[in-house]
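Listed below are the residues making up each chain.
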Amino acid sequence: MLEGLQGKPETAICKRHNIKPAEYRRWRKEFLARIAGPFASPRRPSRQRHESSKALRVAQDLIEVLPIPVFFKARDGKHLGANKAWEAYFGVRRESFIGKTVEDLFSQAPEVATKHRAVDEDLWRNPGTRSYELQVPIHDGSVRHTLNYKATFTDADGKVAGLIGTIIDITERKRAERRQALEYRISRILSESGTVAAAMPRILAAFCESLGLACGARWSMDPKIGAFRCEEAWSVDDPDIATFLAASRQSNYQPGHAGFIRRVLGTGQPVWIVDVGADDSFLRGAEAAKAGLRSAFALPIRLGDQVLGAMEFFHRERRLPDEWLLETGVTIGNQIGHFMARVQAEGELREGEARFRSLTALSSDWYWEQDEQFRVTSMSSRFVERTGIDPAPYIGRKRWELPALNLTESEWERHRAQLERHEPFFDFEIERPGPEGTSVWLSLSGEAVFDEGRRFRGYRGVGTDVTERKRAQGVLRAAYEELARSNAELQQFAYVASHDLQEPLRMIGSYTQLLERRYGDRLDQDAREFMGFIVDGATRMKQLIEDLLAYSRVGTRGKEMRPAQAQAVLDKALVNLRAAVEQSEALVTHDSLPEINADDTQLTQLLQNLVANAIKFRKKNEAPRIHIGVKDVGDEWRFSVADNGIGIEPQYFERIFLVFQRLHTQDEYPGTGIGLAICRKVVERHGGRIWVESAYGEGSTFHFTLPKIQKGET
């Protein structure tokens, strides 16, 4: 049976033989006492001594196959031997420690040797058995929790000759107890805390105190500065460590993959550094080493796949990676992540409730609810404050059961059908009877409400008093109608006036020219010159009237907007200007022009006016060079007409688009000064804008925009 137990841990033995750990330990203690018996045998006859020697060999064979480490010590404290399990546990060959003391065996852990020595001394003074717990380092560099049993044995004279001992590894049990205690402590902290800032210092303290760590800190991403920062820290009472943590809290680190905390936040996985002073990836290594810190590990704070932050902890001693510690830390990090998410959700809920209360207090709207039968169940106090209407008659009734001055039965029917389909509705306007014989206009918006099982529970929404708006709309509508009537009369006046004015002007011009033909030989030079002034004035007055009539007709006599090829429009404008182009030897070029939605007649007039101006205002002794360009600028086309003419000074950029505004005398450049005003009115009718860029003496570029044809627009 004992051979079957060799090398097996306590938990496996108990599970296999269906015994409790306490029962197994009691058996082991009694067994050790029995094993020590042969060493305490008094002097006997040779036959008895022979039997005793035989029993001793049997005991030694039994000890050799025990699955737990067993050792022997002499009275002077030097080791006499040990079994294979002891050799395997400590990773030390038996031959290398026979004759050595505990001080030799635990030279790197003097506190362990001191504890063992104290128990041994007590046994020498008071023989018997002892048991005690102790953390001991083993060959792989890890520290194990052990339960130690020792019992004295005597020589042939009955004197204490030495002791026999065994070691039980209880690391997993201690870890489970420690993990349970730590998780319970942190759970209690989280349940008692209302904010992350209040909970984290206590959590860091609990972590460090429970696991014997020197200090810890929490890091998170600060979206305001776009960097990682240390939020909270805790440490033992040590000024050097406090200085290190203070410096950490002053540091900000940009996101990346290098570095201690960056790796945790970037990967969501824990990181362990055996020696912070020797690891180049730890940017604060020199400061940490100066504070007496050696090993460090960092843990993610996670909520599912989302990394919310990281915790870092430091040992004063050099420690190899502890998988149990990392696993425990990751579990607690997830626990903290859920707490942070809950706190954030509760904070957002409180903020939302506060915002709702604030808006409710400040808003002029009121809130209402209906049940699944569409009966009004509640209205906030703002309803009566805003409208002066008593809400009592409306509570418990459907909206259409009370009179609305503006709605017909068919309109109510459409509203009921919308509610029955559980659709949201917006700006549903109702005119209700108000106090003292007045009426109040209400605008209602609402949405359907469903429970967790997607069962319809009614409607909720807001209402607004729009009485003043409706009254203003009525005033505006009346003003618009009056303006439309006035514009129609003005258009008619302009048309009649222009025709009535042109007839006497024609008579003045015709009869003046007739006088000159019949009586010219009787008139002196001054008289003929005066008659020329009369004819020229009448001609220019006629042109002014015609241009003014054309300007007034841009917005009233235009054709319907239709898709048109800008290239065809430009070709038509150039045909109209053929004589001027040929006479001035102008060169007109253009880009590939798009299809646009326009009144092609007015667009022809626009391009014709701009090209004609470019020809008219040319430099002396230099042929005009004109280019019509176009650019795609999102939802618009931006056209340009550039020339090499005389240019315009900046102070006149706006003035030139006004009616009858001229920058030159009639003798210099003939015209009425209304062409660019017509251009602006045409562009604005098409939904665009027009402007000029120019340097005096270096030419001008007139820009104008036209909307693109939208999809589905024909």
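None of the values given here were measured: they were computed from a predicted structure.

Procedures and definitions
- Residues numbered from 1 in each chain as written.
- Predicted model: local features only at pLDDT ≥ 70, side-chain atom pairs only at ≥ 80, totals over all residues.
- Heavy atoms only, no water.
- Helix = DSSP H or I, 4+ residues; strand = E, 2+ residues; numbered from the N terminus.
- Buried < 20%, exposed > 50% of the residue type's maximum accessible area, 1.4 Å probe, protein only.
- Contact = heavy atoms within 4.5 Å.
- Areas by Shrake-Rupley, 256 points an atom, 1.4 Å probe, with all protein chains shown as cover.
- Pairing = 2+ DSSP bridges.
- Axes fitted to C-alpha atoms, helices over the stretch in contact; angles between N-to-C directions.
- Polar contact = N/O pair within 3.5 Å; in protein donor to acceptor, adjacent residues only side chain to side chain.
- Salt bridge = Lys/Arg side-chain N within 4 Å of Asp/Glu carboxyl O.
- Phe/Tyr/Trp six-rings, centres within 6.5 Å; stacked < 30°, edge-to-face > 60°.
- Lys NZ or Arg CZ within 6 Å of the ring centre and 35° of its normal.
- Parallel < 35°, antiparallel > 145°, perpendicular 65-115°, else oblique.
- Left-handed = near helix turned anticlockwise from the far one by under 90°.
- 1 Å grid on protein atoms, 1.4 Å probe; cavity = no way out; pocket = protein on both sides within 12 Å on 5 of 7 lines; lining within 4 Å.
- Points joined across faces, edges and corners; volume = space filled by probe spheres on them.
- Nonpolar A, V, L, I, M, F, W, Y, C, P; charged D, E, K, R; others polar.
- pLDDT = per-residue confidence, 0-100.

With that settled, consider the overall build of the protein chain. Counting secondary structure elements, the protein chain contains 21 helices and 23 strands. Relative to its full complement of 714 residues, the protein chain shows a buried share of 40%. Restricting the contact set of the protein chain to residue pairs at least 6 apart, pairs at least 24 apart contribute 57%. Summing over all exposed atoms, the protein chain offers an accessible surface of approximately 39700 Å²; the carbon and sulfur share of this is 51%.

Our focus in this paragraph is the sheet that holds strand 13 (residues 376-379). Overall, antiparallel pairing links the 5 strands, which are arranged 13-12-16-15-14 in an open sheet. On the outer flanks of this sheet lie strand 13 and strand 14 (425-433), each paired with one strand and no other. For this sheet, the mean angle separating the axes of adjacent strands, direction not counted, is 30°. As paired strands, strand 15 (residues 439-450) and strand 16 (residues 456-465) are joined by 9 bridges and run antiparallel to one another. The partner of Phe450 across the bridge, within strand 16, is Phe456.

Let us now look at the side chain of Lys150. With respect to the helices and strands, the residue Lys150 is situated in strand 4 (residues 143-154). Here Asp120 takes part through its side chain, which lies 2.6 Å from a polar atom of the side chain of Lys150. Side chain to side chain, Lys150 and Tyr132 meet in a polar contact 3.0 Å long.

Here the focus is the pattern of salt bridges. In this structure the tally under the stated criterion is 41 salt bridges. Across the salt bridge formed by Glu64 and Arg94, the nearest N and O atoms sit 3.0 Å from each other. Here the residue Glu64 occupies a position in helix 4 (residues 46-65), and Arg94 occupies one in the loop between helix 5 (84-90) and helix 6 (102-105), the gap between them amounting to 30 residues. Taking the relative accessible area as the measure of exposure, Glu64 reaches 22% and is therefore partly exposed. Arg94 gets classed as buried once you look at its relative accessible area, which sits at 18%. Among the ionic pairs, Glu385 bridges to Arg382, the shortest N-O distance being 3.4 Å.

Counted under the stated rule, the structure contains 22 aromatic pairs. Their ring planes at 85° and their centres at 5.2 Å tell us that Phe260 and Phe282 sit as a pair that is edge-to-face. In this pair, Phe260 is assigned in helix 11 (residues 260-267) and Phe282 in the loop between strand 9 (271-273) and helix 12 (285-290), connecting sequence segments 22 residues apart. Residue Phe260 is classed as buried on the basis of its relative accessible area, which comes to 3%. Pairwise contacts between aromatic rings join Trp368, Phe374, Trp400, Trp412, Phe425, Phe428, Phe450, Phe456 and Tyr459 into one cluster. Across the ring face of Trp368, the terminal group of Arg399 is positioned such that the distance to the ring centre comes to 4.9 Å.

For the rest of this paragraph, the subject is the packing of helix 18 (residues 566-576) against helix 20 (residues 600-616). Between helix 18 and helix 20, the shortest axis-to-axis distance is 8 Å and the interhelical angle comes to 55°. The angle between helix 18 and helix 20 places the two elements in the oblique class. Between helix 18 and helix 20 lies a crossing whose hand is right-handed. In this structure, helix 18 uses Val569, Leu570, Lys572, Ala573, Leu574 and Asn576 to contact helix 20, whose residues at the interface are Asp600, Leu603, Thr604, Leu607, Gln608 and Val611.

With that settled, consider empty space enclosed by the protein. Scanning the entire structure with this criterion turns up 4 cavities of 30 Å³ or more. In this structure, the largest cavity encloses a volume near 160 Å³. Lining the largest cavity are 13 residues, with Val376, Met379, Tyr394, Arg399 and Leu444 sitting closest to its centre. Elements represented by at least two residues in the lining of the largest cavity include exactly strand 12 (366-370), strand 13, strand 14 and strand 15. The biggest single contributor to the lining of the largest cavity is strand 12, with 4 residues. Of the residues in the lining of the largest cavity, the class split is 9 nonpolar, 1 polar and 3 charged.

To continue, consider unusual backbone geometry. Of all residues except glycine, most have a negative phi; of all peptide bonds, most are trans. You will see that Phe374, though not glycine, has its phi angle at about 70°, which is positive. With respect to the secondary-structure elements, Phe374 resides in the loop between strand 12 and strand 13. Phe374 sits in the buried class, given a relative accessible area of 11%. Of note in this structure, Glu585 is not a glycine but carries a positive phi near 55°. Among the structural elements, Glu585 can be located in the loop between helix 19 (578-584) and strand 18 (587-590).

Before going further, it helps to examine the sheet that holds strand 21 (residues 636-642). One open sheet accounts for 5 strands, arranged 18-20-21-23-22; its pairing is mixed. The two strands at the open ends of the sheet, each matched to only one other strand, are strand 18 and strand 22 (690-694). If you compare each strand with its neighbour and ignore which way they point, the axes differ by 15° on average. Strand direction decides the pairing type here: strand 18 and strand 20 (residues 625-632), joined by 4 bridges, are parallel. By the bridge assignment for strand 20, His590 is matched with Ile628. The sheet contacts of helix 20 involve strand 20, strand 21 and strand 23 (700-707), and relative to strand 23 the element is tilted by about 170°.

Okay, the packing of helix 20 against helix 21 (residues 675-685) next. For any two helices packed against each other, the geometry comes down to the angle between their axes and how far apart the axes lie. Across the interface, helix 20 lies against helix 21 with an axial gap of 9 Å and an inter-helix angle of 145°. Between helix 20 and helix 21 lies a crossing whose hand is left-handed. Of the residues in helix 21, those in contact with Gln602, Gln605, Leu606, Asn609, Leu610 and Asn613 of helix 20 are Gly675, Leu676, Ile678, Cys679, Val682, Val683 and Arg685. Among the residues making up the contact of helix 20 with helix 21, the classes are represented as 7 nonpolar, 5 polar and 1 charged.

This prediction gives the protein chain a mean pLDDT of 80; 80% of its residues lie at or above 70. Of the regions scoring below 50 in pLDDT, residues 1-7 engages in 17 contacts with residues more than four places distant in sequence or in other chains. Within the model, pLDDT remains below 50 along residues 36-45, and this stretch shows 20 contacts once partners closer than five positions in the same chain are excluded.

Quick look at the environment of Ala564 now. As for its placement among the helices and strands, Ala564 is situated in strand 17 (residues 562-565). For the pair Ala564 and Ile596, spaced 32 residues apart in sequence, the C-alpha to C-alpha distance is 5.4 Å. The contact partners of Ala564, leaving out residues within four places of it in the chain, are Pro594, Glu595, Ile596 and Asp600.

Turning our attention to the environment of Arg397. Positionally, Arg397 belongs in the loop between helix 14 (382-387) and helix 15 (409-420). The spacing of Arg397 and Gln370 is 27 residues in sequence and 9.3 Å in space, taken between C-alpha atoms. Setting aside chain neighbours within four positions, we find Arg397 in contact with Phe374, Arg375, Val376 and Leu402.

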